[in-house]
Amino acid sequence: MNMHAKPDAIRRYRAIWISDFHLGTQRAQAELILDFLRHTESETLYLVGDIVDNWSLKKTWYWHQTHNDVIQKLLRKARKGTRVIYIPGNHDEQFRDFAGTAFGRLAVRRDDIHIAANGKRYLVLHGDEFDGVVKYAKWLAYLGDTAYEAAMSLNGVVNGTRRRLGLPYWSLSAYLKNRVKKAVEFLSSFETAMAREARRRGADGVIGGHVHTPEMRLIDGIHYLNDGDWVESCSALVEHFDGAFEIIHWRDVLQAIPRELVHAHPDRDRRLAAAN
């Protein structure tokens, strides 16, 4: 699709996977989520957990109007015919109590099996079940979440300076994850555990979120895919109608649009303004 010729064109897919919005926190990129939802359509939309961050809301109440707008946009997609499957994660685990319930075309499930266009079966789940810290030492997960919030605050300062210098977005936490040996080991063991579970359940692949690291690779013959997050990478996993999978980084899509076309849209500047 030529985004330069038509910046507001709708991108259509067979299926979309998005997760880790962390609505209810100041680090949630709600404006970017809204922009993505406005410019994409799919037959099936998977919400792969941590959509609302109940952990943070318990500590400090924060709920911007744009967070309401995201929820309303998701519900509107379901009303207009999109099949929406919500698989709660650890930050929104309270909604797991509704697993097996359907509200029109929106269904809440603990996990799901997606049949790709080529007939292959993909296990879809958030992934916190394979995070030993979350499973066996929840207090440590809470502590890590607080440290992550501090890193993201510093990340905001760094990127504010980079924007003023005309430099692109840079992720501090992604840099640290790639440099710290233990973090790399954790990601590797997490991905391997996800692939092992897919094989145990007779699936050809596995799709998850949780670790905020978009990825697509083969692990011992199992197709491992992670849709990333909407705090840092602002990424989504999509399946095209021919069955091909792709990870889309929405910031990169927007940066590819010529500045004069971005400003030609009367609402775009307002939509992409940072949430207060």
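Relevant structure appears above.
Bear in mind the structure is a predicted one, so any value in this text is a computation, not a measurement.

Caption draft 1: View of the nonpolar core. Ranked by size, the top nonpolar core spans 32 residues in total, and within it Ile18, Phe21, Val70 and Trp230 carry the most contacts. Taken together, the elements giving at least two residues each to this core come down to strand 1 (11-18), helix 1 (30-38), strand 2 (40-47), helix 3 (65-79), strand 3 (83-86), strand 5 (106-108), strand 11 (235-239) and helix 8 (250-255). Per element, the largest residue contribution to this core is six residues, and it comes from helix 1. With near-sequence residues (within four places) excluded, phenylalanine 21 lies in contact with Ala28, Ile33, Asp50, Ile51, Val70, Leu74, Trp230 and Val231. Listed in part, the 14 residues of the second largest apolar core include Ala15, Trp17, Val48 and Phe245.

Caption draft 2: Local environment of the pairing of strand 9 (residues 215-219). Relative to strand 10 (residues 222-226), strand 9 is paired through five bridges, and the arrangement is antiparallel. Along strand 10, the bridge assignment pairs arginine 217 with tyrosine 224.

Caption draft 3: Inspection of the environment of phenylalanine 21 at higher detail. Inspection of the secondary structure assignment puts phenylalanine 21 in the loop between strand 1 and helix 1. We classify phenylalanine 21 as buried; its relative accessible area is 0%. Separated by 208 residues in sequence, phenylalanine 21 and aspartate 229 have C-alpha atoms that sit 6.4 Å apart.

Procedures and definitions
Residues numbered from 1 in each chain as written. Predicted model: local features only at pLDDT ≥ 70, side-chain atom pairs only at ≥ 80, totals over all residues. Heavy atoms only, no water. Core = buried A, V, L, I, M, F, W, Y, C linked by side-chain atoms within 4.5 Å. Buried < 20%, exposed > 50% of the residue type's maximum accessible area, 1.4 Å probe, protein only. Helix = DSSP H or I, 4+ residues; strand = E, 2+ residues; numbered from the N terminus. Contact = heavy atoms within 4.5 Å. Pairing = 2+ DSSP bridges.

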